[in-house]
Amino acid sequence: MADQYAQSGEDKRPTEIPVLRWEEPPEGPVLVLLDQTRLPAEEVELVCTDASALVEAIRSLAVRGAPVLGIAGAYGVALAAARGFDVEEAARALEGARPTAVNLSVGVRRAESAYRAALADTGDPTAAASAALAAARTLHREDAEASARMAAHGLALLDELLPGGGHRVLTHCNTGSLVSGGEGTAFAVALAAHREGRLRRLWVDETRPLLQGSRLTAYEAARHGMAYTLLTDNAAGSLFAAGEVDAVLVGADRIAADGSVANKVGSYPLAVLARYHHVPFIVVAPLTTVDPGTPDGASIEVEQRPGFEVTELMAPQVPVTGAGGGIPVAPLGTQAHNPAFDVTPPELVTAIVTERGAVSPVTAEALAELCDGDGLRRAATG
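For the structure given in this document, a descriptive report is provided here. (Residues numbered from 1 in each chain as written. Predicted model: local features only at pLDDT ≥ 70, side-chain atom pairs only at ≥ 80, totals over all residues. Heavy atoms only, no water.)

### Observations concerning the sheet that holds strand β10 (residues 261-264)
Strand order across the open sheet formed by 4 strands is β12-β9-β10-β15, with mixed pairing between neighbours. Each edge of the open sheet carries a strand with a single partner, namely β12 (290-291) and β15 (341-344). Bridge count between strand β9 (residues 254-256) and β12: 2 bridges; the pairing is parallel. Across the sheet, Ala256 pairs through a bridge with Asp291, a residue of β12. (Pairing = 2+ DSSP bridges. Helix = DSSP H or I, 4+ residues; strand = E, 2+ residues; numbered from the N terminus.)

### Regarding the pattern of salt bridges
Across all of its chains, the model carries 21 salt bridges by this definition. A salt bridge links Arg21 to Glu45; the nearest nitrogen and oxygen atoms lie 2.4 Å apart. In this pair, Arg21 sits in strand β2 (residues 20-23) while Glu45 sits in strand β4 (residues 45-48), placing the two residues 24 residues apart along the sequence. On the basis of relative accessible area, Arg21 is assigned to the partly exposed category, the value being 24%. Among the ionic pairs, Arg198 bridges to Glu196, the shortest N-O distance being 4.0 Å. Among the charged side chains, a network of salt bridges with common partners joins Glu88, Arg92, Glu95, Arg109, Glu112 and Arg116. (Salt bridge = Lys/Arg side-chain N within 4 Å of Asp/Glu carboxyl O. Buried < 20%, exposed > 50% of the residue type's maximum accessible area, 1.4 Å probe, protein only.)

### Focus: the packing of helix α5 (residues 125-161) against helix α6 (residues 186-195)
Look at α5 against α6: their axes get within 8 Å of each other, and the N-to-C directions meet at 65°. Read as a crossing pair, α5 and α6 show a hand that is right-handed. Residues Ser147, Met150, Ala151, Gly154, Leu155 and Leu158 of α5 form the contact with α6, whose participating residues are Ala188, Val189, Ala192 and Ala193. A per-class count over the contact of α5 with α6 returns 8 nonpolar, 2 polar and no charged. (Axes fitted to C-alpha atoms, helices over the stretch in contact; angles between N-to-C directions. Left-handed = near helix turned anticlockwise from the far one by under 90°. Contact = heavy atoms within 4.5 Å. Nonpolar A, V, L, I, M, F, W, Y, C, P; charged D, E, K, R; others polar.)

### Quick look at helix α2 (residues 66-82)
Within an α-helix, residues lying three or four positions from one another point in the same direction, as the helix has 3.6 residues per turn. Its 17 residues give α2 an end-to-end C-alpha distance of 25 Å, which sits within 8% of 24 Å, the value for a rise of 1.5 Å per residue. Among the 17 residues of α2, 16 are classified as buried, and the element is accordingly described as predominantly covered. Gly84 occupies a position one or two residues after α2 and carries a positive phi of about 80°. (Expected span 1.5 Å × (residues − 1).)

### Some thoughts on the nonpolar core
The biggest cluster of nonpolar side chains holds 41 residues, and the ones touching the most others in it are Leu20, Leu31, Leu33, Leu54, Ile58, Tyr75 and Leu94. Of all the secondary structure elements, the ones that give two or more residues to this core are β2, β3 (30-34), α1 (51-59), α2, α3 (87-95), α4 (102-122) and α5. Among the elements that make up this core, the one with the highest residue count is α2 (11 residues). The contact partners of Leu54, leaving out residues within four places of it in the chain, are Leu31, Leu33, Cys48, Val63, Ala72, Gly76 and Leu94. (Core = buried A, V, L, I, M, F, W, Y, C linked by side-chain atoms within 4.5 Å.)

### With respect to the environment of Ala340
Residue position: Ala340 is located in the loop between β14 (327-328) and β15. Expressed as a C-alpha distance, the spacing of Ala340 and Glu355, which sit 15 residues apart in the sequence, is 26 Å. The residues touching Ala340, leaving out its near neighbours within four places in the chain, are Arg98, Asn263, Lys264, Val265, Glu303 and Arg305.

### Remarks on α1
The complete set of buried residues in α1 reads Ala51, Leu54, Val55, Ala57 and Ile58. Looking straight down α1, one finds its buried side chains confined to an arc of 165°; they lie on one side. Looking at the buried residues of α1, the elements they touch are β3, β4, α2, α3 and α4. (Arc of directions from axis to C-beta.)

### Considering the sheet that holds β3
Spatial strand order, β2-β3-β4: 3 strands in an open sheet with antiparallel pairing. One side of each edge strand has no neighbouring strand; the edge strands of this open sheet are β2 and β4. In this sheet, adjacent strand axes meet at a mean angle of 25° when their direction is disregarded. With 4 bridges connecting them, β3 and β4 associate as antiparallel partners. Bridge assignment links Leu33 to a residue of β4, and that residue is Leu46. Against the sheet, α2 engages β2, β3 and β4, with an angle of about 15° to β2.

### With respect to the pairing of β3
For β3, the tally of buried residues reaches 5 of 5 residues, placing the bulk of the element in the interior. Residues Val30, Val32 and Leu34 of β3 are buried on one face, and the alternating residues Leu31 and Leu33, pointing to the opposite face, are buried as well. By the bridge criterion, 4 bridges tie β2 to β3 in an arrangement that is antiparallel. By the bridge assignment for β3, Leu20 is matched with Leu33. Between the end of β2 and the start of β3, which pair antiparallel, lie 6 residues, with Gly28 showing a positive phi angle near 130°.

### Brief notes about empty space enclosed by the protein
Taken as a whole and judged by the stated rule, the model has 2 cavities of 30 Å³ or more. Considering only enclosed or pocket space, the largest cavity measures out at about 170 Å³ in volume. Around the largest cavity, the lining is made up of 21 residues, and of these Arg64, Gly65, Ala66, Asn174 and Asp253 lie nearest the centre. Looking at the lining of the largest cavity, the elements with two or more residues in it are α2 and β10. Grouping the amino acids of the lining of the largest cavity by side-chain chemistry returns 10 nonpolar, 7 polar and 4 charged. (1 Å grid on protein atoms, 1.4 Å probe; cavity = no way out; pocket = protein on both sides within 12 Å on 5 of 7 lines; lining within 4 Å. Points joined across faces, edges and corners; volume = space filled by probe spheres on them.)

Keep in mind these values describe shape, not function.
Put into structure tokens, the structure is as follows:
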């Protein structure tokens, strides 16, 4: 088990390479992505020249995490428009790249709406492409601002629930700057606690089968000099039983109207453990993740990932022999159940923290009130 103690000195951003950026070389605009499948072994960038390349990057998890998927989707529409491709076709392909994360469709539709409005107004495809790019850049900036506000609201809630500081926080998957235009969602709250000297320990779930916790969250925590400890997902129960967890902080890929939360698979068992052990289970997500069009948890489409992600170990820079490009860890022909997400019912969620504040207890009425007046997001989701 890796054990990292807090380091002194100035806090560093988790990566010197932006998670994504728009560039305009002489040969035409491109979207440049940090390939998260190669972390932490190496920092490698992918260059997307069209929406189809971005769709593949999204499906392969080279770019991942609900908020940044929305940003990437918006830039993907802008890329299609700027390069003269069919914008509607590109938008539909991008929307379908990952079905559970609602932010992806929100970002795509926002840029597409800006494109169509400008095209109808001016009749100029170039002006329409500029409008789509402006919408993507605005969404990018807004997400960074939302991240900072979520961190502040989340830390205030932690201090209210756990007065005295010394927070020992368990997190799952990856929710830092790799998934955001800013410093993330749940991870940003832990980072704020660290900066204020109130984080005693960040417990990092490995997050199987693709190890986003060990590869990405530990990577970010180490860069920030945070005190963190890595554990296998199935060790969380004994950690709760030993009284070593004060709160659970997770993100979300879709929050239904009733407060049901879809997040990386393994989140629901943590919520059950937290309830049994009387530990707060807190979800941190921007309002773009709340989907009024999805009434409840049963209505959330859960993405099913390829079986080889379970039957093979994906390890960058290691010789591979498996059919999926990894190291086989199960007999050839083994069938695998591999949902990307699970759904936690609202009664197991202590609070949902957004850029507008926290909802607790989590109810449909409280969520609707929080979202009231968020006309831009509602328009974007149709």
